[in-house]
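Survey of secondary and tertiary structure
Single-letter residue listing:
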4 protein chains.
Amino acid sequence: MNTFGHLFRITTWGESHGGAVGVVVDGCPPQLVLDIAAIQFELNRRKPGQSHLTTPRQEGDAIEILSGVFEGKTLGTPISMLVWNKNARPSDYKHLKDVYRPSHADFTYQQKYGIRNWQGGGRASARETIGRVAGGAIAKQLLREACQTETLAYVKQIHTLTAEVDTDTVTLEQIEASPVRCPNPNVSPKMAERIDTARRERDSLGGVIEGVARNVPIGLGEPIFDKLKADLAKAMMSLPATMGFQIGSGFGGTTMTGSEHNDAFYNDDSRIRTRTNNSGGTQGGISNGENIVFQVAFKPTATIGKAQETVDIHGNAVELAASGRHDPCVLVRAPAIVEAMTALVLADHLLRQRAKYTALP
Amino acid sequence: MNTFGHLFRITTWGESHGGAVGVVVDGCPPQLVLDIAAIQFELNRRKPGQSHLTTPRQEGDAIEILSGVFEGKTLGTPISMLVWNKNARPSDYKHLKDVYRPSHADFTYQQKYGIRNWQGGGRASARETIGRVAGGAIAKQLLREACQTETLAYVKQIHTLTAEVDTDTVTLEQIEASPVRCPNPNVSPKMAERIDTARRERDSLGGVIEGVARNVPIGLGEPIFDKLKADLAKAMMSLPATMGFQIGSGFGGTTMTGSEHNDAFYNDDSRIRTRTNNSGGTQGGISNGENIVFQVAFKPTATIGKAQETVDIHGNAVELAASGRHDPCVLVRAPAIVEAMTALVLADHLLRQRAKYTALP
Amino acid sequence: MNTFGHLFRITTWGESHGGAVGVVVDGCPPQLVLDIAAIQFELNRRKPGQSHLTTPRQEGDAIEILSGVFEGKTLGTPISMLVWNKNARPSDYKHLKDVYRPSHADFTYQQKYGIRNWQGGGRASARETIGRVAGGAIAKQLLREACQTETLAYVKQIHTLTAEVDTDTVTLEQIEASPVRCPNPNVSPKMAERIDTARRERDSLGGVIEGVARNVPIGLGEPIFDKLKADLAKAMMSLPATMGFQIGSGFGGTTMTGSEHNDAFYNDDSRIRTRTNNSGGTQGGISNGENIVFQVAFKPTATIGKAQETVDIHGNAVELAASGRHDPCVLVRAPAIVEAMTALVLADHLLRQRAKYTALP
Amino acid sequence: MNTFGHLFRITTWGESHGGAVGVVVDGCPPQLVLDIAAIQFELNRRKPGQSHLTTPRQEGDAIEILSGVFEGKTLGTPISMLVWNKNARPSDYKHLKDVYRPSHADFTYQQKYGIRNWQGGGRASARETIGRVAGGAIAKQLLREACQTETLAYVKQIHTLTAEVDTDTVTLEQIEASPVRCPNPNVSPKMAERIDTARRERDSLGGVIEGVARNVPIGLGEPIFDKLKADLAKAMMSLPATMGFQIGSGFGGTTMTGSEHNDAFYNDDSRIRTRTNNSGGTQGGISNGENIVFQVAFKPTATIGKAQETVDIHGNAVELAASGRHDPCVLVRAPAIVEAMTALVLADHLLRQRAKYTALP
């Protein structure tokens, strides 16, 4: 289904070249003072055309709120938001009508549904994430108000270039100061250069986004299936182009022994903390009060300018070379999306925790 | 919630030292001839005490089916199954009553619920996975009957030892022939030795399980949130001790360019296939007919015999050394669990696909 | 939550005086040729201002479809639809800002949320049903295409006037030919007169809507909680102003004995049918192929012109007399809504039945 | 699905003649002191064999709790409970193997699933309600602890005999003092006689159960689909043999005018109350603090001793006369079930209300 979340819930809709894309946010508590500029700010971080490192498509992506807000505050009723598709150029995609682009969803959509909107990726377009970012922007505001929880994400790796980032101190300003959204000022220019080279070579690059959530209340996450790490994994792996998720020590931790890996507890001035954070902020699927830290692998953009072997819908071999507007590296625009999904998961679990584990009177 | 799946659904229950652990399987189609020995076979693969590489606890883990089956066939009604907790020794855990074991769920459960069953991990015990394995065993039978889909999982890596395995040809027999469940006969003995060394050193090891699903119908998975890769990620990250999930090229694919990474389509005797499988069998979140291939990172077992620094429930620093029975490396028992979760995800999406994308009459 | 349905699902949003009201339809199968005029037709049946028997508010209620449809066919992706609030006159409601209208939702919304949109009922307005009717119109088209199932509803009773209607033969044309939507031409004029009298007396009337579904496939409905009768009851009781639901013999059947009430089976030319239909078309919660017949009780409209005792938000006693535009009897506009909800329930169960109880290959 | 509830949730399982019937209660808050005798008390009220007014089958129906409780308190984990099927006599039903009993679920189950357990009704047996009653007994305890909310149900009508009952003052003791569970001592003996007459005539009777919930917090119920009245309607109409549900004025209210029907608000010593309760305790789908009062219509028991016309599974006409043990009137055993379902709905909405509408800090 096109719905995510149990108590704080979004339902997204829209194709890249239909009338609009949008989201219904259901379950947001009432009386939250809603900062609409903050929602637009997140959409601007996500939108194309921000620099020569992203696709040259110019999309205004101006958010409209149609319900759920009254005199500046949430009503507790569904918040419907949309962005009109203004810069759609379906003619750009006409040559793709009968072709299955490699590593895109054309083939699988056609097989699954027997029909697809071939204009710009249709429902599989990254444009669908607009609804997630708008919904996530509200979740962020709820988290800030309710428990001062902050979610951040940034570029950790582009192709073979990796950046060290301090998860305790990294700020939104540092992230936004970098055109590639890598807060390490030494690595950021090299990444920009690497992306520009790929663009000129009509090729594309992948990489890794790191996400961190700070000030997460202890106790979020439900054991067994709805572990915090499980819901974060689903959230991230539901994004286009993601190929992997790891939390805490992740795949690297598999070469450690238990005595090296275990996070020793200690009493830090009446607050129980862990000396290391190989667990990535959750134990037994429940937040332990340490930073939640995870990485998400994004494959190189499937749309490239180089010629590629493929087949058409009749099964004939054809050669394809993209002429449309596209990103040489989606990671630059991904932090807003990863933050949004993180906030949605945490907001949902915050409400779930409130419901059930409030002490009985 | 303790429920997983939308149409093919399991609800698990039980603490490691309560009366029993069990599962209710809801949504299994009727008239499936149920092979109960095959369910027990999977539980036997999961159970402790199989060799000196696993915990010496002996648990019969004999399955009882209480409903949903009539004259050997499923009724279409809920299938309730349980395993009694026969070998429980709560006294083994008495010294843990007031202690938070490092990298265990003791602390977070206590904080979340204000109460916990401290006997053997309670609900956070790996014993909970019995219900998953029993439910998954039924999902496997459904998949085999409905579409000859096969799910396999095996040890790909223990500590720093990695094994090459051919995902096209690997068999259950090869996996089960290895005491560590690594089907590569060259690496398997080294892994066994490495685990035995860790055991003797009162330490523990982690590693990687690789899962593969073959003969998956094209079209499974729902775009946007319930992508096949997203539901697999959630399934795997909902398991105890998992720290990462990757599909297809995974994190390794982030250092490739788009022209290297894209999977070219070709016409293989009227079946459209891809020359490479960096996508891991799904595109746009929907199965494309190639093998689904993924890896899951498991941290080294948190329970170790070595002395560790920690705190008790009053916040006092204490030293802890496990005296209970435990596994030096959980990966040996994990393949049955990973296969079960894979089968549960696929069975659920098989039913979802049937419901909606059957051509209209 | 603001979502209804498991596989065929609607999410409605919007306040009566916000920007718009709308719906996201999720789970509609692909390749359905969508008749947009048929959706508008249903909205027109629901909209105010149709005659002097309904509120004089003129609302265009023109539907806009923003996603999910391509070249006239459904894509299998979410269908987002909205109607702008054009004729909103918040000033009409200013005097209600601080008053709790009797038998309205003002008091309970304020208590639940601590905030409410007091303009025209906000989220509790009957205007919310626009989304249901639009979504139901698509469900109707699916049912017609898939199994020729037809849903009809009409006025069975207004105040003390009751009409006999033949559930086997009644047609949409007969219903729409009556200004009160009562297909019995003898009773219809009396009902119209009764409503007009109530309008002149600044009072209001209630009554009963009867719903019938014909050509329902045998086997819809899931035993236990999601019985067809249970989901229909929820659907109807989720409508504003409904106070009761009964199926088949309903409350009247409670004075019969079992030997009078039981529906004898007989073989009607190789089709097993029942001689009577006291069961109302379902047995064990599952459709048996007979007509589904049920009634829904609607209370008299809470908004009346007569002076009424009430309190304001500060607890002070005040006298209230509505000056806004309102319906003396909502039943005239209710048939489209009851049909929509019936179609939504049946479409959902049609997909559920397809998913699970298709014979295994 | 076999699951009911969103946050406080039960999953029931079991056929009448399988190994056992049971329930998994998920979402019960932790630290609730669980009174197991109170659970058994409710099961005893439901069980057959209580007097000559119920079926002479003797079933112990002793509850076993297998998980989720530790040292007398709930853990916040799933509570699994079961009752073994001890008095099953499948041979009693052998003659029914190939026959469709009128107004039973035999025909529809067979058509839906292609298979059915014909022993004693299988999954469609009233024995399934054991799980509901056990789960509801826990919900009752939660409601009492959390907000002193009390749910009661009793026989309001048997056949043509109706009893006046004061919903404000009726007590459990008064209900249990009557062998037919009608708290009106004038009508109760006449009802008993009427039932006994039906039994001797090998016939059966229906009637009406009235439910009341007192001390319900203001604000429970979610507008739109999950209105309190809608969830109660679904709960009641999901019970076997129910044919109608009405709340407050119900069907009777349809003959009133708005000025007669509206519930005037007044200030009762700083508490806002209504002078009448035609709304039945909810407005806009949300509890308003008045008693919740509703009625449920039960058809006469389908199993009767009199000869009936029907068909067998081959479509041949046959005559059927029940020889098994059965109830001449199920209403005597129904109050515990109706109370349980009421408590489950209220407990679920209590948790939902806590989650979302707690004031933000």
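Residues numbered from 1 in each chain as written. Chains lettered and ligands numbered in written order. Predicted model: local features only at pLDDT ≥ 70, side-chain atom pairs only at ≥ 80, totals over all residues. Heavy atoms only, no water.

To continue, consider the packing of aromatic side chains. Scanning the entire structure with this criterion turns up 30 aromatic pairs over all chains. Summarising the aromatic geometry, the rings of tyrosine 100 of chain D and phenylalanine 107 of chain D are spaced 5.2 Å apart at their centres and angled 75 degrees between planes, so their arrangement reads as edge-to-face. Tyrosine 100 of chain D gets classed as buried once you look at its relative accessible area, which sits at 2%. Taken together, Tyr100 and Phe107 of chain A together with Phe265 of chain B form an aromatic cluster joined through their ring pairs. In this structure, lysine 112 of chain D is placed above the aromatic ring of tyrosine 113 of chain D, and the distance from its NZ or CZ to the ring centre is 6.0 Å. (Phe/Tyr/Trp six-rings, centres within 6.5 Å; stacked < 30°, edge-to-face > 60°. Buried < 20%, exposed > 50% of the residue type's maximum accessible area, 1.4 Å probe, protein only. Lys NZ or Arg CZ within 6 Å of the ring centre and 35° of its normal.)

All names here are of chain B. Burial analysis of strand β16 (residues 292-298) places seven of its seven residues in the buried class, the great majority of the element. Here β16 shows a buried face lined by Ile292, Phe294, Val296 and Phe298 and a second buried face lined by Val293, Gln295 and Ala297. Looking at chain direction, strand β10 (residues 207-214) and β16 are connected through seven bridges and run antiparallel. The residue bridging valine 208 from the neighbouring strand is alanine 297, located in β16. Note: strand β11 (residues 242-247) against β16, five bridges, orientation antiparallel. Considered in β16, the bridge of threonine 242 is made with phenylalanine 298. (Helix = DSSP H or I, 4+ residues; strand = E, 2+ residues; numbered from the N terminus. Pairing = 2+ DSSP bridges.)

For the pair chain C and chain D, the superposition axis carries a translation of 0.0 Å, the fit reaches an RMSD of 0.0 Å, and the rotation angle comes to 180 degrees. On the angle and the small slide along the axis, the relation comes out as a two-fold axis. Most of the interface of chain C is mirrored in chain D, where 100% of its interface residues are also at the interface. (Least-squares fit on C-alpha atoms with pLDDT ≥ 70 in both. Contact = heavy atoms within 4.5 Å.)

Now for the side chain of arginine 127 of chain D. Residue and element names in this part refer to chain D. Structurally, the position occupied by arginine 127 is in the loop between α2 (106-113) and α3 (129-147). By relative accessible area, arginine 127 is classed as buried at 7%. Only 2.6 Å separates the side chain of arginine 127 from the side chain of asparagine 85, close enough to count as a polar contact. (Polar contact = N/O pair within 3.5 Å; in protein donor to acceptor, adjacent residues only side chain to side chain.)

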